[in-house]
Amino acid sequence: MINEKSALATALDIVGDRWSLMILAGSFYNAHRFNDLERALGINRNLLSQRLSRLTEECLLERRKYQNKPERFEYHLTPQGLALRPVIVALARWGRDHYTKDDTPIILVHNDCGGHVRSDVICDKCDIHVPHLDIETHFQGTPPEHSWSNYLQSLQAQNRNIS
């Protein structure tokens, strides 16, 4: 068993709650000020303040002062925060395709050609879209015969032999 927390568990600790993802999504659509985020999301002020502090601590957002008296800040995405855009696009599309079926009023458009942007799984070796059924999970640093599906198959075979 792995002693360190997995990459997925670490990511979910940071952005795994609804409000953190909604704040980041709001930032993609140019909601940068506290009051704008509060109105757009319908979030309570204390919760918004807590989430903004955490996202700033984790370097996903940065505070930029826009007023001195009283002191007020805007929250802008850092490169690390911007890197979450494909994840949020994929979650939104998944929600629309499988649950809401609504046409969202927001679409992402490629500036160069005007096409709609979507998030896909792309192979880093051959640079093509990979369908879900063509993906197998492996443990890093192990040969394919130690894949998760082979591991599960071996457990099922052992259970059949025990019965």
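Scope of this entry: the structure provided in the associated data block. The structure presented is a predicted model; accordingly, all values stated were derived computationally and were not measured. (Residues numbered from 1 in each chain as written. Predicted model: local features only at pLDDT ≥ 70, side-chain atom pairs only at ≥ 80, totals over all residues. Heavy atoms only, no water.)

1. So, the overall build of the protein chain
Put simply, the rule reads: Segments assigned H or I by DSSP are reported as helices when at least four residues long, segments assigned E as strands when at least two residues long, and all are numbered from the N terminus. We call a residue buried when its accessible area falls under 20% of the maximum for its residue type, exposed when it is over 50%, and partly exposed in between, using a 1.4 Å probe and counting protein chains only. By definition in these notes, contact holds between two residues if any of their heavy atoms fall within 4.5 Å. The Shrake-Rupley method, run with a 1.4 Å probe sphere, supplies the accessible areas, and residue values consider only the shown protein chains as cover.
Along its length, the protein chain carries seven helices and two strands. Ordered by position in the sequence, the α and β elements of the protein chain form the string α-α-α-α-β-β-α-α-α. By the burial criterion, 23% of the 163 residues in the protein chain qualify as buried. If you take every contact in the protein chain between residues at least 6 apart in sequence, the share linking residues at least 24 apart comes to 39%. For the protein chain, the exposed area adds up to about 12,600 Å²; of that, 53% sits on carbon and sulfur atoms.

2. Looking at the environment of Gln-67
For Gln-67, the position within the fold is in strand β1 (residues 61–67). On the accessibility criterion, Gln-67 (26% relative accessible area) is partly exposed.

3. Some remarks on the packing of helix α2 (residues 18–28) against helix α4 (residues 45–57)
Here is the rule: Axis definition: a line fitted to C-alpha atoms, over the contacting stretch in the case of helices. Angles run 0 to 180 degrees between N-to-C directions. In these notes the angle categories are as follows: under 35 degrees is roughly parallel, over 145 is roughly antiparallel, 65 to 115 is roughly perpendicular, and the rest is oblique. Here the term charged refers only to Asp, Glu, Lys and Arg, the term nonpolar to Ala, Val, Leu, Ile, Met, Phe, Trp, Tyr, Cys and Pro, and the term polar to all other amino acids, Gly among them.
Packing of α2 against α4 brings their axes to within 10 Å, and their N-to-C directions diverge by 75 degrees. Regarding the angle of α2 to α4, the classification is roughly perpendicular. Across from Trp-19, Ser-20, Ile-23 and Leu-24 in α2, the residues of α4 making contact are Leu-47, Leu-48, Arg-51, Leu-52 and Leu-55. Class assignment for the residues of the contact of α2 with α4 results in seven nonpolar, one polar and one charged.

4. Structural notes on unusual backbone geometry
Of note, the amide linkage connecting Lys-69 to Pro-70 takes the cis form, showing an omega dihedral of -10 degrees. Among the secondary structure elements, Pro-70 is positioned in the loop between β1 and β2 (72–77). Positive phi is not limited to glycine here, since Asn-30 has a value of about 70 degrees. Mapped onto the elements, Asn-30 comes out in the loop between α2 and α3 (34–41).

5. Thoughts on a nonpolar patch on the surface
Quick note on the threshold: Patch definition: residues with relative accessible area over 30% and no salt bridge; like charges joined within 9 Å; nonpolar side chains (Val, Leu, Ile, Met, Phe, Trp, Tyr) joined within 5 Å. By definition here, a salt bridge exists when the distance from a side-chain nitrogen of Lys or Arg to a carboxyl oxygen of Asp or Glu is within 4 Å.
Nonpolar side chains collect at one region of the surface, where Val-87, Leu-91, Trp-94 and Tyr-99 lie side by side and expose about 450 Å² of accessible area between them. When its relative accessible area of 61% is taken as the criterion, Tyr-99 is described as exposed.

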